[in-house]
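Listed here are the chains, written in short residue letters.
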Amino acid sequence: MKIHIKIFNLSAWLAVLAVFFLPGTLNDDNKILRTEYGFPLRFLTDYHASNSSGSTWFISDMHINLLVYFVNVLFIYAGIHVIVYIKKRLTKKSVE
């Protein structure tokens, strides 16, 4: 199976941009308030700890799960690939 680099690149960017444009989920299960971001699976977690280490870094209380990010990229890639395939099939039948 041939991997389409343009579709893969688009799906990787869409997975990253989903963090910025889609709302996160606020959880407080273990008395640790956190917000989880990502689509379709949550791969970025922002912990809202009141007793942080005093670091001035933006990402000091964040956790990024790269494996889940790559699974998101594959899901989005498959979705785009299916949409392109269906579009090609529909335009091919309409021409005939």
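Here, every reference points to the structure presented above.
Here is what the cut-offs are and how they apply
Residues numbered from 1 in each chain as written. Predicted model: local features only at pLDDT ≥ 70, side-chain atom pairs only at ≥ 80, totals over all residues. Heavy atoms only, no water. Phe/Tyr/Trp six-rings, centres within 6.5 Å; stacked < 30°, edge-to-face > 60°. Helix = DSSP H or I, 4+ residues; strand = E, 2+ residues; numbered from the N terminus. Buried < 20%, exposed > 50% of the residue type's maximum accessible area, 1.4 Å probe, protein only. Core = buried A, V, L, I, M, F, W, Y, C linked by side-chain atoms within 4.5 Å. Contact = heavy atoms within 4.5 Å.

Undergrad: I tried to follow the packing of aromatic side chains on my own but got confused; where do I start?
TA: The description of an aromatic ring pair uses the distance of the two centres, along with the angle that the planes make with each other. All told, the structure shown has three aromatic pairs when counted by the stated rule. Between Phe 8 and Tyr 77, the aromatic rings sit 6.1 Å apart at their centres with planes inclined by 65°, giving edge-to-face as the arrangement. With Phe 8 in helix H1 (residues 5–21) and Tyr 77 in helix H2 (residues 66–95), this pair connects stretches of sequence that are 69 residues apart. When its relative accessible area of 33% is taken as the criterion, Phe 8 is described as partly exposed. Residue class for Tyr 77 comes out buried when judged on its relative accessible area of 8%. Among the aromatic residues, those joined into a ring-pair cluster are Phe 43, Tyr 69 and Phe 70.

Undergrad: Can you walk me through the nonpolar core in this structure?
TA: One recurring pattern in soluble globular proteins is that nonpolar side chains are buried together. Counting residues in each nonpolar core, the largest one holds twelve residues, listed as Ile 7, Ala 12, Ala 15, Val 19, Phe 43, Leu 44, Val 68, Tyr 69, Val 73, Ile 76, Tyr 77 and Ile 80. Those elements giving two or more residues to this core turn out to be H1 and H2. In terms of residue count, H2 provides more of this core than any other element does, six residues in total. Not counting residues up to four positions away in its chain, the partners in contact with Val 73 are Phe 8, Ser 11, Ala 12 and Ala 15.

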